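Each chain, written out:
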Amino acid sequence: MRLSTDPAFATNVRTVYNNDYDNSSGFGVGQAKEYIDNHEGLLIDTRGVEARYVRLYGNGNTESDLNHCTEVEVYGK
């Protein structure tokens, strides 16, 4: 997940979650562990990053090359 104050994501871009183990998305090798879904979902602490725009990237899952995103909620102050 990447956040930015710029709608074009050209400046002030912060990556707050990256589990890309082989850099196939081109944003560097991620340090986060692979996400395994459960009933609670995944809460990502952005640690106070100021942003207005959110981008999510996916490259399939452990069972297929397809992405499946049920719901995304973004909250801010």
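Summary of the structure given here. Keep in mind that this is a model prediction, so the values were computed, not measured.

**Comments concerning the overall build of the chain**
In terms of helices and strands, the chain carries zero helices and three strands. The linear arrangement of helices and strands in the chain, starting from the amino end, is β-β-β. For the chain, the spread of C-alpha atoms along the three principal axes comes to 35 × 30 × 20 Å. Buried residues in the chain amount to 13% of all 77 residues. The contacts in the chain between residues at least 6 apart in sequence include a share of 45% that link residues at least 24 apart. Per element, the accessible surface of the chain, about 6800 Å² overall, is 46% carbon and sulfur. Averaged over its 7 positive side-chain charges, the chain has a centre that lies 11 Å from the centre of its 12 negative ones.

**A look at a nonpolar patch on the surface**
A surface patch of nonpolar side chains, amounting to about 330 Å² of accessible area, comprises V54, L56, V72 and V74. In this fold, V72 is placed in the segment after β3 (53–55). Using a relative accessible area of 45% as the deciding quantity, one classes V72 as partly exposed.

Quick notes on the rules
- Residues numbered from 1 in each chain as written.
- Predicted model: local features only at pLDDT ≥ 70, side-chain atom pairs only at ≥ 80, totals over all residues.
- Heavy atoms only, no water.
- Helix = DSSP H or I, 4+ residues; strand = E, 2+ residues; numbered from the N terminus.
- Buried < 20%, exposed > 50% of the residue type's maximum accessible area, 1.4 Å probe, protein only.
- Contact = heavy atoms within 4.5 Å.
- Areas by Shrake-Rupley, 256 points an atom, 1.4 Å probe, with all protein chains shown as cover.
- Lys, Arg positive; Asp, Glu negative; His and termini not counted.
- Charge placed at Lys NZ, Arg CZ, Asp CG, Glu CD.
- Patch = residues over 30% accessible without salt bridge, like charges linked within 9 Å, V, L, I, M, F, W, Y side chains within 5 Å.
- Salt bridge = Lys/Arg side-chain N within 4 Å of Asp/Glu carboxyl O.

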